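Summary of the model geometry
Residue-level listing of the chains:
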Amino acid sequence: MNRHLLNRRQFSARCAAFGLSFPALSAMLAAQATAQVLGTGAGSKPAARTVKLPDGTTVPPLGQGCWHLGQGRHPPAVEEEALRTGISLGMTLIDTSGNYGNGRSEQFLSHVIAGQRDRIFLVSKVEGDQVSGDGIARACAASLARLGSEYLDLYLLHWPVPSAQFSGVVAAFEQLRAAGKIRAWGVSNFNVGQMEDLFRVPDGHRCATNQVPYSLNNRRIERDVLPWCKQHNLPVMAYSPLGGDNNLVVGDRTLAQVGTIHGCSAAAVALAWVIRSGSVIAIPESGSPAHVKENAVALSIALTPRDLQTLDEAFPGPFGVARASGATQLPSTCSSCLPPVRRCNAVDSLHSILQIARRKR
Ligand SMILES: NC(=O)c1ccc[n+]([C@@H]2O[C@H](COP(=O)([O-])OP(=O)(O)OC[C@H]3O[C@@H](n4cnc5c(N)ncnc54)[C@H](OP(=O)(O)O)[C@@H]3O)[C@@H](O)[C@H]2O)c1
């Protein structure tokens, strides 16, 4: 078994240890009961237990973000407890960056990962203004020193640089991989055009993920980045999966209602929704142990088709609401398949919906 993951028995034992057995269990029972009442049992989707990276490594679908940690938002001991709690509950993927708090996030993390490095899938990032010369190698060495680790599991380019620099960036990442300093590399905040340019440079297809914003109230990537990544078997890493500090979805009434059915919090429902496909990894941030416990419940929630429809109606995506009746509210334009765009990146299913609907008009 992959060392970053808990099996079901371990997960249940940890939930029990953290007093989570009832919500987690009731979430599953409620989902089953609801599905039976609504006649939707056959289509119910259990939350994905793992997400596979292109090199075959499996990671949990739920990790922990560390942008503001180690910078006084909560007392350090509380933040440490929050992260350790999340790790114990299976949220073993930890996301940070060399520039979070000018390195303070990584320094803080060094205390948490000490003694348990091999259980953790550690992600950090390099900035666009660090890529020239041997800048990526130097930035990586500085991150490793702050983290007190000999390697990163994944190293990301935080923001896109001009496409002309992609081959140099990829070569630098590949050198770090060959030297054992990083195990994989990826990108962040790339659009489809940038992903295509990346895949054209030598070894560009070795990219492990694209980390982008994705939440119920920010579904923009469903228009193009998500289908493109799916077509290329590239998992997406969803940042700000609860909407981010300024736009949190956790107070939403519909989410609370779905949470009541499942015996869990609105936050857990929002996260279960983000990871529902099995090809998206969510990295919520929390410095609160109580919040982390709520968030971890997302790993055991099975959202039903009825739940998904309810959430779709409350938070319509870029293509509108797909209704159970089959009628689909069409987007006013489809940048992927309407002329004059020549190359088409949309998913097959979207095309089918659009084309069938147009034929019926
Ligand atoms: N690649 C990029 O450009 C990029 C950009 C932004 C973020 N990120 C990464 O993504 C991570 C997460 O993104 P984010 O911090 O923007 O947004 P987020 O995870 O959507 O939201 C974080 C906020 O949610 C609160 N929260 C967490 N769990 C909660 C719960 N159960 N109930 C109520 N509130 C809860 C947190 O407060 P408490 O601490 O009080 O729980 C915090 O204020 C970051 O830490 C970072 O690692 C990457």
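Residues numbered from 1 in each chain as written. Predicted model: local features only at pLDDT ≥ 70, side-chain atom pairs only at ≥ 80, totals over all residues. Heavy atoms only, no water.

Applying the stated criterion to the full structure yields three cavities of 30 Å³ or more. In this structure, the largest cavity encloses a volume near 40 Å³. Examining the composition of the lining of the largest cavity, we find that four residues originate from one element, helix 6 (residues 166–178), more than from any other. Classifying every residue of the lining of the largest cavity gives nine nonpolar, no polar and no charged. (1 Å grid on protein atoms, 1.4 Å probe; cavity = no way out; pocket = protein on both sides within 12 Å on 5 of 7 lines; lining within 4 Å. Points joined across faces, edges and corners; volume = space filled by probe spheres on them. Helix = DSSP H or I, 4+ residues; strand = E, 2+ residues; numbered from the N terminus. Nonpolar A, V, L, I, M, F, W, Y, C, P; charged D, E, K, R; others polar.)

At a minimum axis distance of 8 Å, the contact between helix 3 (residues 76–88) and helix 11 (residues 289–296) shows a crossing angle of 15°. In terms of orientation, helix 3 and helix 11 fall into the roughly parallel class. For the pair helix 3 and helix 11, the sense of crossing is right-handed. Touching Val78, Glu81, Ala82, Thr85 and Gly86 of helix 3 are Pro289, Val292 and Lys293, all from helix 11. Of the residues in the contact of helix 3 with helix 11, the class split is four nonpolar, two polar and two charged. (Axes fitted to C-alpha atoms, helices over the stretch in contact; angles between N-to-C directions. Parallel < 35°, antiparallel > 145°, perpendicular 65-115°, else oblique. Left-handed = near helix turned anticlockwise from the far one by under 90°. Contact = heavy atoms within 4.5 Å.)

Moving on: helix 7 (residues 192–200). Residues of helix 7 that are buried: Val192, Gln194, Met195, Glu196 and Leu198. Buried residues in helix 7 make contact with helix 6, strand 7 (185–188), strand 8 (210–213) and helix 8 (225–231). Its side-chain oxygen at 3.1 Å from the backbone nitrogen of Gly193, Asn191 defines the N-terminal cap of helix 7. (Buried < 20%, exposed > 50% of the residue type's maximum accessible area, 1.4 Å probe, protein only. Polar contact = N/O pair within 3.5 Å; in protein donor to acceptor, adjacent residues only side chain to side chain.)

The next point concerns the site of the ligand. Contacts to the ligand come from 32 residues, most closely from Asp95, Asp245, Glu285, Ser286 and His291. Within the side chain of His74, a nitrogen or oxygen atom sits 2.9 Å from an oxygen atom of the ligand. Expressed as a share of its isolated accessible area of 900 Å², the protein-covered part of the ligand is 92%. With respect to the pocket detection grid, the ligand is positioned in the second largest pocket. It is helix 11 that provides the largest number of residues to the shell around the ligand, a total of three residues. Residues that form the shell around the ligand fall into these classes: 12 nonpolar, 14 polar and six charged. (Near = heavy atom within 4 Å. Areas by Shrake-Rupley, 256 points an atom, 1.4 Å probe, with all protein chains shown as cover. Sits in = over half its atoms within 2 Å of the grid points.)

Reading across the sheet, the eight strands line up as 3-4-5-6-7-8-9-10 and stay open at both edges, with parallel pairing between neighbours. Across the chains shown, the open sheet's two edge strands, defined by having one partner strand only, are strand 3 (63–65) and strand 10 (280–282). The mean inter-strand angle of the sheet, taken between neighbouring strand axes irrespective of direction, is 25°. In terms of strand pairing, strand 5 (residues 121–126) meets strand 6 (residues 154–157) through four bridges, oriented parallel. In the strand pairing of strand 6, Val126 is matched with Leu157. (Pairing = 2+ DSSP bridges.)

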